[in-house]
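One letter stands for each residue in the lines below.
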Amino acid sequence: MPDTPAATPRARVRVPLQFHDGYRVDADLVTFHGLADGQEHVAAVLGDPAAPGAVPLVRLHSECLTGDVFGSARCDCGPQLREAVERIAERGGVLLYLRQEGRGIGLYNKLDAYALQDQGLDTYEANAALGLPEDARDYTAAAQMLRALGITELDLLSNNPDKAEQLRSLGVSVRDRVPTGVFTTAHNVRYLRAKVLQTQHTLPLAELDTLPELTAG
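Residues numbered from 1 in each chain as written. Predicted model: local features only at pLDDT ≥ 70, side-chain atom pairs only at ≥ 80, totals over all residues. Heavy atoms only, no water.

A. Focus on the packing of aromatic side chains. Overall, the coordinates contain 1 aromatic pair when judged by the stated rule. Between F19 and Y23, the ring centres sit 6.2 Å apart and the planes meet at 40 degrees, which makes this aromatic pair tilted. Like F19, the residue Y23 is buried in the burial classification. Its end group placed over the ring of Y114, R74 keeps NZ or CZ at 4.3 Å from the ring centre. (Phe/Tyr/Trp six-rings, centres within 6.5 Å; stacked < 30°, edge-to-face > 60°. Buried < 20%, exposed > 50% of the residue type's maximum accessible area, 1.4 Å probe, protein only. Lys NZ or Arg CZ within 6 Å of the ring centre and 35° of its normal.)

Structure representation (structure tokens):
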């Protein structure tokens, strides 16, 4: 990885995971020394990513307190996290849980952006109105984590082309980008449309255009 010091595994602990719908799986949670941004990112190793001849399935999942923990219907983060854990466990791979709340702007700024969205701005316009970048995420630490785990080639579970492009630029071979499911609610349709139109996420825009939305909440 060009000009970036190597990270090393710090600790590895087995943790049984259980989700709200009853799905259960064991994961090895790995922490690291030497991550470029100094954040406490964690890797969840699921299934057998090192099976002979297999290419692991990997998801870079940005922390979302509102969606992952509180079940907010304003985004699709919680359902994506639940889906990713099961799909990765079935195939073998790693979920990187990255401390990048609100596409890197932080929780308070994200909630401020929500308030602007309630006034009619989309998710990217709201960030800009706050003087913040559309997407402040950098995946250098993610590439470090993958290398520390011995992963140099992967299939990426993501609708976001920027994640694959950044990983490739950091020397990680992304063989294929595998789309996630589409998790719509009346509260997140506009958010999902904006991701397609502004940052070319691979979501079915024609299908989203037929769905109703709520303007607030």
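After that view of the structure, there is still more to cover.
B. Main features of the nonpolar core. Core analysis: the largest hydrophobic core is formed by 25 residues, its most contacted members being L60, L96, L146, L154 and L167. The greatest single-element share of this core, amounting to 5 residues, is contributed by helix 6 (residues 140-148). Not counting chain neighbours up to four residues away, the residues in contact with L96 comprise V42, A43, R59, L60, H61, A142, M145 and L146. Counting 16 residues, the second largest nonpolar core, distinct from the first, contains V25, L81, A89 and Y97. (Core = buried A, V, L, I, M, F, W, Y, C linked by side-chain atoms within 4.5 Å. Helix = DSSP H or I, 4+ residues; strand = E, 2+ residues; numbered from the N terminus. Contact = heavy atoms within 4.5 Å.)

C. Quick look at the pattern of salt bridges. Tallied over the full model, the rule gives 11 salt bridges. Put simply, R82 and E86 hold a salt bridge, and the shortest N to O gap is 2.9 Å. Here R82 pairs with E86, and both are found in helix 2 (residues 77-91), just 4 residues apart, close to one helical turn. Using a relative accessible area of 27% as the deciding quantity, one classes E86 as partly exposed. Note that R137 and D135 form a salt bridge whose closest N and O atoms lie 2.8 Å from each other. For R137, a relative accessible area of 11% translates into the label buried. Overall, D135 belongs to the partly exposed group, its relative accessible area being 27%. Each of R12, R14 and D28 takes part in one network of salt bridges that share partners. (Salt bridge = Lys/Arg side-chain N within 4 Å of Asp/Glu carboxyl O.)

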